[in-house]
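Residue-level structural notes
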Amino acid sequence: MRRLFCLLLALSTPCAFAEADRVRVLKGERKLQILAGDTVLHEFGIALGGRPLGHKQQEGDQRTPEGRYTLDYRKADSAYYKALHISYPEARDVAQAKATGVSPGGLIMIHGQRNGFGWLAPLVQRFDWTDGCIGLRNEDMDVVWQVVEDGTPIDLLP
């Protein structure tokens, strides 16, 4: 449907959301990239959780998972400005957590600012303030929301 919309919108203009085929998060650089093949279409600064280093191990550890996942659904009525869900935990995460007797946690999202507080983004985005999610400015989240379809793979790198 989006591809058809792009075609109708502008036959002579490239349409980024028809081309986007992957999202990449560079945790150490605090960047989220939207890619088409090896071409970076968009790049945004991000905030992570309070303990961002390493792969998420359990609920409440304030870490963002690492590895390949899927952006499997979107939530327009989130407590934060728009949200795309990351498919964590997957079977390997559940098994790892079970082996250590903990809950893997869940509800890891890419989202904007807490509703009503978008105006604070210039300050808030200087800090890691999420509980393991990927936080964006609302303006950046609008772009991600438009150009990334459900089912898009996401690579979360250290």
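Criteria and cut-off values
Residues numbered from 1 in each chain as written. Predicted model: local features only at pLDDT ≥ 70, side-chain atom pairs only at ≥ 80, totals over all residues. Heavy atoms only, no water. Helix = DSSP H or I, 4+ residues; strand = E, 2+ residues; numbered from the N terminus. Polar contact = N/O pair within 3.5 Å; in protein donor to acceptor, adjacent residues only side chain to side chain. Contact = heavy atoms within 4.5 Å. Phe/Tyr/Trp six-rings, centres within 6.5 Å; stacked < 30°, edge-to-face > 60°. Buried < 20%, exposed > 50% of the residue type's maximum accessible area, 1.4 Å probe, protein only. Pairing = 2+ DSSP bridges.

**Comments concerning the side chain of K27**
Checked against the element boundaries, K27 lands in the loop between β1 (22-26) and β2 (31-36). At a separation of 2.8 Å, a polar atom in the side chain of K27 contacts the main-chain carbonyl oxygen of G54. Sequence-distant contacts of K27, defined by excluding residues within four places in its chain, comprise L48, P52, G54, T64, P65, E66, L157 and P158.

**A word on the packing of aromatic side chains**
Going through the model one piece at a time under the given rule, you end up with 2 aromatic pairs. Ring geometry for Y69 against Y88: centres 6.0 Å apart, planes inclined by 65°, an arrangement best described as edge-to-face. Residue Y69 is located in strand β4 (residues 67-75), and its partner Y88 is located in the loop between β5 (83-86) and α3 (91-99); the two are separated by 19 residues in the primary sequence. Comparing Y69 with Y88 shows no difference in burial state: the two are buried. Plain terms: the ring middles of Y80 and W129 are 6.1 Å apart, the flat faces sit at 35° to each other, and that makes the pair tilted.

**Here we look at the sheet that holds β5**
Strand order in this open sheet of 8 strands is β3-β2-β1-β8-β4-β5-β6-β7, and the pairing throughout is mixed. Lying at the two open borders of the sheet, with one neighbouring strand each, are β3 (39-45) and β7 (134-135). With 5 bridges connecting them, β1 and β2 associate as antiparallel partners. Residue pairing in the sheet places L26 in a bridge with K31 of β2.

**Observations regarding the pairing of β2**
Of all 6 residues in β2, 5 are buried, a share of seventy percent or more. Where β1 folds back on β2, the antiparallel hairpin that results is connected by 4 residues, among which R30 adopts a positive phi of roughly 55°. Relative to β3, β2 runs antiparallel, the two being bridged by 6 bridges. The residue of β3 that forms the bridge with A36 is T39. In textbook terms, the turn of a hairpin is the stretch between consecutive antiparallel strands, and for β2 and β3 this stretch comprises 2 residues, one of which, G37, has a positive phi near 65°.

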